[in-house]
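# Residue-level structure breakdown
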Amino acid sequence: MAEIQATRTALSQGIDALLAVKVALVVAMITIDAAWIASTSFEFDFASAGKVVAATSALAIVSWFYRAKRPIERFHVLCAETALLLAFSAAAAVLSILMTSVDMPLIDDRLMAFDAALGFDWRAYVEFVNARPWLGQLSSLVYVTSLSQVALTILVLGLLGRAGRVQHFVTAVMLGALLCILVSALLPAAGALGTIRPPADFMAMNQPIVDLAYKQAFFDIRDGASRWISLEQPHGLIAFPSYHCTLSALIVMAFWRVRIWFWPVLALNLAVILSTPIDGGHHLVDALAGIIVAPVAWTMAAAGSMAVAGLGRQASR
């Protein structure tokens with residue numbers, strides 16, 4: 001019994017230590033965002049952060065309750081990780097805008113050449129879907145599920161008592177976002193849609209989630225026409241690597257060997273990946289690169305967890 005209690009205590013300490021590291025990361029990102037905005041012509045819509053602050057605070061309070069007042073580890077971890085991910089997502093969205101403004105040369109010509117070498121023709125792929133309206137509607141439906149799937153992954157794994165898997169998943173999601181933001185800043189791309197710019201009638205046949213008007217935010221930030229940052233009107237600015245595909249791959253990895261969940265989750269996220277050239281306007285190589293980012297982030301999350309656990313054991317001695 002004493003050994004079991006000691007193991008539970010060690011696991012709890014490891015969870016708290018990793019939470020503390022991620023809180024420090026979010027604080028560091030917010031500090032970088034604030035300093036960058038203050039030193040440039042960007043302006044931030046503070047009112048738009050109200051909902052994020054309120055939701056994060058409420059979740060943090062509930063997490064504290066289930067840790068200190070009525071200890072239930074699964075609820076404590078579920079609420080704490082969700083709060084962290086909300087705060088991180090807001091900070092990452094701002095950082096993505098700021099990094100996009102660096103305005104490095106676009107690499108779409110090289111990405112299109114890579115697609116061609118693979119035998120992928122973006123226009124032909126989209127035309128195939130345009131000719132089948134039901135397929136276009138299905139593509140749009142699955143494409144918008146990514147963020148809901150992230151929330152569902154945290155909820156399901158948390159309720160199943162997989163506290164460690166929840167922490168690992170959220171850490172990987174955070175690291176995956178940072179990797180995609182960094183790569184997209186150094187090797188920016190407008191995506192196939194923003195590069196090819198098909199005529200309006202071509203786009204009207206399917207009406208994808210991301211259209212040229214949506215994509216214009218990317219160009220406005222790069223050329224300095226847009227300097228207003230608001231969390232009320234978020235825009236996905238990352239084309240290469242596709243963060244949508246990174247999330248899909250991470251969600252599948254999170255459900256590996258989890259009861260009956262894995263196969264439906266795999267099928268749904270394969271559909272999401274197939275929809276990215278259509279509803280995200282991506283090159284095929286964007287999707288492939290996004291998938292590659294996922295195991296890198298997953299491995300980094302595992303290494304980070306082990307390092308934090310090792311430091312915690314040393315401190316306890």
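Residues numbered from 1 in each chain as written. Predicted model: local features only at pLDDT ≥ 70, side-chain atom pairs only at ≥ 80, totals over all residues. Heavy atoms only, no water.

Take unusual backbone geometry next. The step from Phe240 to Pro241 runs through a cis peptide bond, and the omega angle for that step is 0°. Relative to the assigned elements, Pro241 resides in the loop between β2 (228-229) and α12 (243-254). A positive phi angle is found at Arg197, which is not glycine, with a value near 50°. By secondary structure assignment, the location of Arg197 is in the loop between α9 (191-196) and α10 (200-204). A relative accessible area of 41% means that Arg197 is categorised as partly exposed. Here Gln207, not a glycine, exhibits a phi torsion of approximately 55°, which is positive. Position of Gln207 among the secondary structure elements: in the loop between α10 and α11 (212-223). Judged by its relative accessible area of 61%, Gln207 falls in the exposed class. (Helix = DSSP H or I, 4+ residues; strand = E, 2+ residues; numbered from the N terminus. Buried < 20%, exposed > 50% of the residue type's maximum accessible area, 1.4 Å probe, protein only.)

Moving on: the nonpolar core. In this structure, Leu85, Phe88, Ile154 and Phe169 are the most contacted members of the largest nonpolar core, which totals 46 residues. In terms of residue count, helix α8 (residues 163-186) provides more of this core than any other element does, 12 residues in total. For Leu85, the residues in contact, after removing those within four places along its chain, are Val150, Ile154, Val170, Val173 and Met174. (Core = buried A, V, L, I, M, F, W, Y, C linked by side-chain atoms within 4.5 Å. Contact = heavy atoms within 4.5 Å.)

Under the definition given, this model contains 9 aromatic pairs. Ring geometry for Phe255 against Trp261: centres 5.6 Å apart, planes inclined by 20°, an arrangement best described as stacked. For Phe255, a relative accessible area of 2% corresponds to the buried category. Judged by relative accessible area, which is 31%, Trp261 ranks as partly exposed. Here the aromatic rings of Trp256 and Phe262 are separated by 5.2 Å at their centres, their planes lie at 80°, and the arrangement is edge-to-face. Classification of Trp256 by relative accessible area gives partly exposed; the value is 45%. For Phe262, a relative accessible area of 10% puts it in the buried group. An aromatic cluster of three or more residues is present, and its members are Phe65, Tyr66 and Phe75. Just above the ring of Phe202 sits the side chain of Arg123; from NZ or CZ to the centre is 5.3 Å. Sitting above the plane of the Phe42 ring, Arg227 keeps its charged end 4.4 Å from the centroid. (Phe/Tyr/Trp six-rings, centres within 6.5 Å; stacked < 30°, edge-to-face > 60°. Lys NZ or Arg CZ within 6 Å of the ring centre and 35° of its normal.)

Here we come to a nonpolar patch on the surface. Together, Leu152, Leu155, Leu159, Ile260 and Trp261 make up an exposed nonpolar region whose accessible area comes to about 480 Å². Tracing the sequence through the fold places Trp261 in the loop between α12 and α13 (262-279). (Patch = residues over 30% accessible without salt bridge, like charges linked within 9 Å, V, L, I, M, F, W, Y side chains within 5 Å. Areas by Shrake-Rupley, 256 points an atom, 1.4 Å probe, with all protein chains shown as cover. Salt bridge = Lys/Arg side-chain N within 4 Å of Asp/Glu carboxyl O.)

On to helix α5 (residues 122-130). Of the positions making up α5, those classed as buried are Trp122, Val126, Val129 and Asn130. Buried residues of α5, viewed axially, fall in a sector of 105°; they line one side. Near the N-terminus of α5, the side chain that reaches the backbone nitrogen of Arg123, with its oxygen 3.1 Å away, is that of Asp121. (Arc of directions from axis to C-beta. Polar contact = N/O pair within 3.5 Å; in protein donor to acceptor, adjacent residues only side chain to side chain.)

Moving on: the confidence of the model for the protein. Confidence in the prediction of the protein, expressed as mean pLDDT, is 90, and 92% of residues score 70 or more. Low pLDDT (under 50) marks residues 1-11, which in the prediction has 0 contacts with non-local residues, meaning those over four places away or in another chain. (pLDDT = per-residue confidence, 0-100.)

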